[in-house]
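The chain contents come next:
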Amino acid sequence: MKTMGDLSAAWERVRVELGAASYDILIGPGLLAEVGGDLRERPLGHRYVVVTDETVADYLGADLERLLRDEGLRVDLLSFPAGEASKHMGTVVDLARRMVALGCDRRSVVLALGGGVVGDVAGFLASIYMRGVPCIQLPTTLLAQVDSSVGGKTGVDLPEGKNLVGTFYQPRRVYADIGALASLPPAELRNGLAEVVKYGMIRSPELFALLEARGREILDLEPETVAEVVARSCRIKAEVVAADEREGGLRRILNFGHTVGHAVEAASDYRLPHGSAVAVGMAVIARLSVEMGLMPPADEARLLALLDALGLPRRVPDGIETGHLLELLRHDKKADAGRVHFVLSEGIGATRITPEVDEAALAGAVDATRSAP
Ligand SMILES: NC(=O)c1ccc[n+]([C@@H]2O[C@H](COP(=O)([O-])OP(=O)(O)OC[C@H]3O[C@@H](n4cnc5c(N)ncnc54)[C@H](O)[C@@H]3O)[C@@H](O)[C@H]2O)c1
Ligand SMILES: O=C(O)C(=O)C[C@@H](O)[C@H](O)[C@H](O)COP(=O)(O)O
Ligand SMILES: [Zn+2]
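Cut-offs applied
- Residues numbered from 1 in each chain as written.
- Chains lettered and ligands numbered in written order.
- Predicted model: local features only at pLDDT ≥ 70, side-chain atom pairs only at ≥ 80, totals over all residues.
- Heavy atoms only, no water.
- UniProt positions renumbered as here; feature names shortened; annotations may be inferred.
- Helix = DSSP H or I, 4+ residues; strand = E, 2+ residues; numbered from the N terminus.
- Expected span 1.5 Å × (residues − 1).
- Buried < 20%, exposed > 50% of the residue type's maximum accessible area, 1.4 Å probe, protein only.
- Arc of directions from axis to C-beta.
- Donors = N, O, S within 2.8 Å, 3.2 Å for Na, K, Ca; no water.
- Salt bridge = Lys/Arg side-chain N within 4 Å of Asp/Glu carboxyl O.
- Pairing = 2+ DSSP bridges.
- Right-handed = clockwise from strand over helix to strand, strands pointing away.
- Core = buried A, V, L, I, M, F, W, Y, C linked by side-chain atoms within 4.5 Å.
- Domains from an automatic or database assignment.
- Contact = heavy atoms within 4.5 Å.

In the annotation of an unreviewed UniProt entry, the protein is listed under the name 3-dehydroquinate synthase and assigned to Dissulfurirhabdus thermomarina. In UniProt, the protein has this text filed under Subcellular location (unreviewed entry): "Cytoplasm". The heading Pathway (unreviewed entry) in the UniProt record of the protein holds the text "Metabolic intermediate biosynthesis; chorismate biosynthesis; chorismate from D-erythrose 4-phosphate and phosphoenolpyruvate: step 2/7."

Here you go:
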């Protein structure tokens, strides 16, 4: 059995520095098989509840449950239907009640095994169950490995909009087993890549260039490239979160493409997945940033070419009316005294945040994506 020291040596390790709430992200192939041994060595409670969705339960959940039991750990598995439609309060209440029925007390630990939906739901559950129990994130989509398992944003959607109820609640550990991506549908890999493109756009021309040069290797699940991209993404997120855990300033850059993206997601009734909606949102913001004289047109061209190469959408879908999008944007949850703050681009690797965005210009940028060549 491997100890934490072995795990750190054998896999990539990224530290999220948050004082007493600091934690490690371990990245590499085969990590799920090591979680049980690590928990036996360094327990966080006296029993473990794997929370997952029904798809991941079939692919990975039963194996993980067995591996944990083999280490002598007390473990239960709770699942809910896969997809964004499950990301609501009813699911959280149902899971909490099932934990009560199992007799889970305050020394129980939640293991969030799945994509971003599971991570957000299970993280939220852990943050409020008996006023808070430890949570470990076991991300199984690329999106969850590069983004949602890190940083402590948890929550659910309301009929009124995306992520409207939630908490900041940091996980105690993150184990990103890149081998788990083997069963992930290619479309979901692409959705994860949208958040990686985001990191390139806000903070790292190098990561952006890596995607341009080697994006295909990620879609082909080349292990070293995937591990490198996950680690680079996690380092960027860890650095931003360490500097501004509660999104008072710098962390807002992680919302690049999201203000419009969340509106597109909601307007599609969540049929468009989060990563795809963020891709469309980034294309809209790039157009707007060029129109406002902030972003070099050549960088917009590179962004659009990269989205195309990765098979991500960059046009607001025809079924979504511009007026509907603007209405949703007026009620963005991060509006400050009625003014929506947009994360604009000053070129690849640089952002500017401003509430000074003219609605007609925004509508023009939305429509421009529809007719873009
Ligand atoms: N908290 C954050 O910081 C943060 C960041 C980004 C996104 N998010 C949220 O994450 C969600 C999107 O996450 P997502 O893209 O991972 O979607 P998801 O969780 O819905 O997963 C996508 C699909 O892949 C399946 N799946 C997961 N792992 C699999 C595997 N290894 N093999 C086969 N199938 C697998 C799931 O069952 C699901 O059907 C959104 O709700 C978004 O708002 C949160
Ligand atoms: O961690 C963050 O901060 C992010 O904004 C990451 C985003 O990719 C993610 O989609 C997040 O859930 C958005 O949060 P919200 O507060 O804008 O709803
Ligand atoms: Zn996101």
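**A word on helix H4 (residues 89–102)**
Between its first and last C-alpha, H4 extends 20 Å over 14 residues, near the 20 Å set by a 1.5 Å rise per residue. Listing the buried residues of H4 in full gives Thr91, Val92, Leu95, Ala96 and Met99. End-on view of H4: buried residues confined to an arc of 130°, all on one side of the axis. Exposed residues on H4 whose side chains face more than 90 degrees from its buried face are Arg97, Val100 and Ala101. Gly103 sits one or two positions beyond H4 and adopts a positive phi of about 90°.

**Some words on the coordination of the zinc ion (ligand 3)**
At the metal site, the zinc ion (ligand 3) is ligated by Glu195 (OE), His258 (NE2) and His274 (NE2), and these contacts range over 2.0 to 2.1 Å. Expressed as a motif, the donor residue spacing for the zinc ion (ligand 3) is E-x62-H-x15-H. With a gap of 16 residues between them, His258 in helix H10 (residues 258–267) and His274 in helix H11 (residues 274–291) connect regions that are remote in the sequence. With a relative accessible area of 5%, His258 lands in the buried category. Judged by relative accessible area, which is 18%, His274 ranks as buried.

**Re the pattern of salt bridges**
Summed over all chains, the structure comprises 35 salt bridges. Between Arg13 and Asp24 there is a salt bridge, with its nearest N and O atoms 3.2 Å apart. Of this pair, Arg13 sits in strand E1 (residues 12–16) while Asp24 sits in strand E2 (residues 23–28), and the two are 11 residues apart along the sequence. Residue classification places Arg13 among the partly exposed positions, given a relative accessible area of 39%. Each of Glu84, Lys87, Asp120, Lys162 and Glu265 takes part in a single network of salt bridges with overlapping partners.

**Topic: the pairing of strand E6 (residues 135–139)**
In terms of burial, E6 is a largely internal element, five of the five residues being buried. Residues Cys135, Gln137 and Pro139 of E6 are buried on one face, and the alternating residues Ile136 and Leu138, pointing to the opposite face, are buried as well. Two strands pair when backbone bridges link them, and strand E5 (residues 108–114) and E6 are joined in this way by five bridges, in the parallel orientation. What sits directly across from Val110, in E6, is Cys135. For the segment spanning E5, helix H5 (residues 116–128) and E6, crossover handedness is right-handed.

**What to know about the nonpolar core**
One finds Ile27, Val197, Phe342 and Leu362 to be the most contacted residues of the largest nonpolar core, which totals 80 residues. When we break this core down by domain, the ones giving at least three residues each are domain 1 (12–181) and domain 2 (186–371). For Val197, the residues in contact, after removing those within four places along its chain, are Phe208, Leu211, Met282, Leu303, Leu306, Leu307 and Leu310.

**Quick notes on the UniProt feature "binding site: NAD(+)" (unreviewed entry) in the protein**
The sites that carry the UniProt feature "binding site: NAD(+)" (unreviewed entry) are, in the present numbering, Gly116, Val117, Val118, Gly119, Asp120, Thr140, Thr141, Lys153 and Lys162. Secondary-structure assignment places Gly116 in helix H5. Among the structural elements, Thr141 can be located in the loop between E6 and helix H6 (142–148). By relative accessible area, which is 14% here, Thr141 ends up buried. For Thr141, the residues in contact, after removing those within four places along its chain, are Gly114, Gly115, Gly116, Leu181 and Leu184.

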